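Residue-level structure breakdown
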Amino acid sequence: MHKVSKQTVEETQRHAQKAIEHTKEIQQLAKSLETEDKIDEEQKERIEACVKTMQEHAQKFKNLADRLTEHPSTDVFSEAVEEHLKVNEAHIKANKEFQNIQPPA
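Residues numbered from 1 in each chain as written. Predicted model: local features only at pLDDT ≥ 70, side-chain atom pairs only at ≥ 80, totals over all residues. Heavy atoms only, no water.

Right, let's talk about the packing of helix H1 (residues 6-35) against helix H2 (residues 41-68) for a bit. With their axes 9 Å apart at the nearest point, H1 and H2 run at an angle of 160° to one another. Put simply, H1 runs roughly antiparallel to H2. The two elements H1 and H2 cross, and the hand of that crossing is left-handed. Of the residues assigned to the contact of H1 with H2, the class counts are 13 nonpolar, nine polar and five charged. (Axes fitted to C-alpha atoms, helices over the stretch in contact; angles between N-to-C directions. Helix = DSSP H or I, 4+ residues; strand = E, 2+ residues; numbered from the N terminus. Parallel < 35°, antiparallel > 145°, perpendicular 65-115°, else oblique. Left-handed = near helix turned anticlockwise from the far one by under 90°. Nonpolar A, V, L, I, M, F, W, Y, C, P; charged D, E, K, R; others polar.)

Below is the structure:
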């Protein structure tokens, strides 16, 4: 079994933590837009779905990054990278939803 370096483990952990923090920021942005009545119900639901997906994959990413400290295998690292990609895909969807928000008339 191949192993990843300590530096790669540390970088993966930092990225995972940033993914969790960034997900919280996206969630806060969505809540502020909702509070200010800048998004309609459908947009709110789509953005919430994106945030939920981001949260799920960010947490899986973090769990795998933590697991790397004890099992620094390329298999675990590959799983972590897959979760990171899924977080990014959900983030892209959320960004597209934010771009579609129309200013109030």
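Attention now moves to the nonpolar core. Membership of the largest hydrophobic core comes to 13 residues, with the highest contact counts inside it found for Ala19, Ala58, Phe61 and Leu68. Elements that contribute at least two residues to this core include exactly H1, H2 and helix H3 (74-99). Setting aside residues up to four positions removed in sequence, Ala19 forms contacts with Ala58, Phe61 and Val87. Within the second largest apolar cluster, 12 residues are counted, among which are Ile39, Val51, Met54 and Ala90. (Core = buried A, V, L, I, M, F, W, Y, C linked by side-chain atoms within 4.5 Å. Buried < 20%, exposed > 50% of the residue type's maximum accessible area, 1.4 Å probe, protein only. Contact = heavy atoms within 4.5 Å.)

Turning our attention to the pattern of salt bridges. Note that side chains of opposite charge can pair when their charged atoms are close. Summed over the entire model, instances satisfying the criterion amount to eight salt bridges. Among the salt bridges present, the one from Glu11 reaches Arg14, with a minimum N-O distance of 2.4 Å. Pair noted here: Glu11 and Arg14 are both in helix H1, with a separation of three residues, about one helical turn. Overall, Glu11 belongs to the partly exposed group, its relative accessible area being 33%. (Salt bridge = Lys/Arg side-chain N within 4 Å of Asp/Glu carboxyl O.)

This brings us to the environment of Phe61. Mapped onto the elements, Phe61 comes out in helix H2. The class of Phe61 is buried, set by a relative accessible area of 2%. The spacing of Phe61 and Glu48 is 13 residues in sequence and 20 Å in space, taken between C-alpha atoms. Excluding its chain neighbours within four sequence positions, the residues that come into contact with Phe61 are Thr12, His15, Ala16, Ala19, Ala80, Glu83 and His84.

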